[in-house]
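Letter by letter, the chains look like this.
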Amino acid sequence: MTPAKHRSAEEIGRTELGPRPLPQLGEPRTGRAPAVVDTVLDNGLRVIAARHGVVPMVELRLRIPFAGEDPKHPARAELLAETLLTGTERRNRVQMDTDLAAVGADLSSVVDPERLSITGDALATGLDTLLDVLADALTGAVYRDEEIEGERARLVERITVARSQPRMIAREELQRHRYGDHPFVREVPVAEDVAAVTAEEVRTLHRESVLPRGSVLVLVGDIDPDQAVAAVARNLADWQSEDSARELPSLPAVQGGDVRLVHRPGAVQSQLRFSAQALPRTDPQYPALQIANLVFGGYFSSRLVENIREDKGYTYGAHSSFEFTRGNGTVLVDADTASEVTAAALLETRYELARLALVPPTESEVESARQYAIGSLLTSTASQAGMASTLAALATAGLAQDWLVSHPERLRAVTVEQVAEAASLFAPTSFTGVVVGDADKLADQLRLLGGVVLP
């Protein structure tokens, strides 16, 4: 077999007759914010309702701050999320599903260290039924013993399997390395803690933490926003509490430093996970930093992907992305590599970080990343589901709906010099992280490379 020869983008774009002609890019579309009503009800629930699209559907996103300091809080919270929609005083599980199905609706709930999230959709004509079932769960969920027992057993099994996965191991190790024992670290509960949770503990958690004040409900679809808000006020009138939902404590800043090698005996692949302090989306410098991140590793045409995937073949995929919490932002870099090229991949990643900080992105790189950023935002909000999720994310970040229009304009205004200034945040000394792999195979090369704490 003849080995495949790597070809650069420039080489691919040429033929024996000369360069392939490329069509001109069209004029970028201007974003347009939907017609929105944004208000706070008497019970403290913030409601955002938007008319968007012509598909006769409505999307629902409810975000309830759901942090807890108790180390066993994640276990109780996970069981609550798994059983919240399994029955109320008025409906059993079958009746809830039947009522939702009658209006083409669906509801589901998940939880993370920051919030309890309930997601749903329905035919627009079924909005009242969707809200009635949601209100029934929020105010009348009973968490029957048999439901808790069944979900508890399934959850323990899923956690046990998940904790054996390399990506999960790497994520947990990075979280502990960045934040120590902060509640944000406890993304997946301990199986033993889940096995010990009682139905009464879940009921107590619901009473104390499933609260309207400080929560955000978003409705997007073929709806009248004013009528939708009135429907929410009518259906959720009994969801009351003087207490506020619990926000996650502020995260400490990520400090740059050595990478830590985590021993995973017998592993044939390594997981590289790095992180640095970034900026929240509300920061004026964020648009320039967003473009700098795209140039580095935020999309397929980035420097990191070109180096360690396309040129050297060290990894199938390398990514650089932002992680946002309330008032905070960090940058994450990840790649999975074969053990024998782990040290080389780490070296090249550090090289690309340094190159971004020292060799400013070119005008062409900036323009390509700019167009990608604007296009991605417009694409992500084209559907009703995408718009609902985006509005919910903006609300929890403290941003208004006009960000959908103003952010593309800020991206268009960013200069190459501003991107170069923002790129200084990508200096290798700003980053820390973990390498998860077989230390017996990796230690010698990583020791030579330096900047790695060995087990």
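Predicted model only: the values in this text are computed from it and were never measured.

### Describing the overall build of the protein chain
From N to C terminus, the protein chain includes 17 helices and 14 strands. The C-alpha atoms of the protein chain give 24 Å as radius of gyration, which agrees with the globular expectation for 455 residues (23 Å, within 12%). If you line up the protein chain on its principal axes, its C-alpha atoms span 70 × 55 × 45 Å. Burial statistics for the protein chain: of 455 residues in total, 50% are counted as buried. Intrachain contacts of the protein chain at a sequence separation of at least 6 include 81% that bridge at least 24 residues. Accessible surface, the protein chain as shown: approximately 21300 Å² in total, 52% of it carbon and sulfur. Each charge class in the protein chain can be summarised by its mean position, and for the 46 positive and 64 negative side chains these summaries are 2 Å apart.

### Comments concerning the sheet that holds strand β12 (residues 328-338)
Spatially, the six strands line up as an open sheet ordered β11-β12-β10-β13-β9-β14, and their pairing is mixed. Each edge of the sheet is formed by a strand with only one pairing partner; in this case those strands are β11 (315-325) and β14 (452-453). Running over the sheet, helix α11 (residues 303-311) touches β11 and β12 and is turned about 150° from β11. The sheet strands contacting helix α12 (residues 342-358) are β9 (259-263), β10 (269-277), β12, β13 (432-437) and β14, and the helix crosses β10 at an angle near 20°.

### Remarks on the UniProt feature "domain: Peptidase M16 C-terminal" (unreviewed entry) in the protein chain
In the numbering adopted here, UniProt assigns the feature "domain: Peptidase M16 C-terminal" (unreviewed entry) to residues 197-371. Annotation note: span residues 197-371, helix share 40%, strand share 24%, distance between end C-alpha atoms 49 Å.

### What to know about the layout of surface pockets
In this structure, the largest pocket encloses a volume near 430 Å³. Taken together, 20 residues make up the lining of the largest pocket; nearest its centre are R281, Y286, Q290, S376 and L377. Only α10 (286-298), β11, α13 (363-380), α14 (384-397) and α15 (403-413) provide two or more residues apiece to the lining of the largest pocket. For the lining of the largest pocket, the residue count by class is ten nonpolar, nine polar and one charged.

### Focus: the domain arrangement of the protein chain
Along its sequence, the protein chain is organised into domain 1 (35-236) and domain 2 (259-453). The C-alpha-based centres of domain 1 and domain 2 are spaced at 30 Å. In this complex, domain 1 contributes 32 residues to the contact, which on the side of domain 2 involves 32 residues. Looking at the side of domain 1 facing domain 2, the largest losses of area belong to H52, L174 and H177, adding up to 21% of the total buried there. The interface formed by domain 1 and domain 2 holds four salt bridges in total. A salt bridge links R167 to D336, with the shortest nitrogen-to-oxygen separation between them at 3.2 Å.

### Side note on the packing of aromatic side chains
Counted under the stated rule, the structure contains seven aromatic pairs. Ring geometry for Y299 versus Y372: centroids 4.7 Å apart, planes at 40°, classification tilted. Of this pair, Y299 sits in the loop between α10 and α11 while Y372 sits in helix α13, placing them 73 residues apart in sequence. Here the aromatic cluster, defined as three or more aromatic residues joined through ring pairs, consists of Y286, F322 and F324. R281 extends its terminal NZ or CZ atom over the ring of F324, reaching a point 4.2 Å from the ring centre. Between R309 and the ring centre of Y316, over which it is positioned, the NZ or CZ distance is 5.0 Å.

### Digging into α10
Owing to its 3.6 residues per turn, the α-helix aligns residues three or four sequence positions apart on the same side. In this model α10 runs just 14 Å from its N-terminal to its C-terminal C-alpha over 13 residues, more than 12% under the 18 Å that 1.5 Å per residue would give. Residues of α10 that are buried: Y286, P287, A288, L289, Q290, I291, A292, N293, L294, V295, F296 and G297.

Conventions used here
- Residues numbered from 1 in each chain as written.
- Predicted model: local features only at pLDDT ≥ 70, side-chain atom pairs only at ≥ 80, totals over all residues.
- Heavy atoms only, no water.
- Helix = DSSP H or I, 4+ residues; strand = E, 2+ residues; numbered from the N terminus.
- Rg over C-alpha atoms; globule rule 2.2 N^0.38 Å.
- Buried < 20%, exposed > 50% of the residue type's maximum accessible area, 1.4 Å probe, protein only.
- Contact = heavy atoms within 4.5 Å.
- Areas by Shrake-Rupley, 256 points an atom, 1.4 Å probe, with all protein chains shown as cover.
- Lys, Arg positive; Asp, Glu negative; His and termini not counted.
- Charge placed at Lys NZ, Arg CZ, Asp CG, Glu CD.
- Pairing = 2+ DSSP bridges.
- Axes fitted to C-alpha atoms, helices over the stretch in contact; angles between N-to-C directions.
- UniProt positions renumbered as here; feature names shortened; annotations may be inferred.
- 1 Å grid on protein atoms, 1.4 Å probe; cavity = no way out; pocket = protein on both sides within 12 Å on 5 of 7 lines; lining within 4 Å.
- Points joined across faces, edges and corners; volume = space filled by probe spheres on them.
- Nonpolar A, V, L, I, M, F, W, Y, C, P; charged D, E, K, R; others polar.
- Domains from an automatic or database assignment.
- Buried area = accessible area lost by both parts, 1.4 Å probe.
- Salt bridge = Lys/Arg side-chain N within 4 Å of Asp/Glu carboxyl O.
- Phe/Tyr/Trp six-rings, centres within 6.5 Å; stacked < 30°, edge-to-face > 60°.
- Lys NZ or Arg CZ within 6 Å of the ring centre and 35° of its normal.
- Expected span 1.5 Å × (residues − 1).

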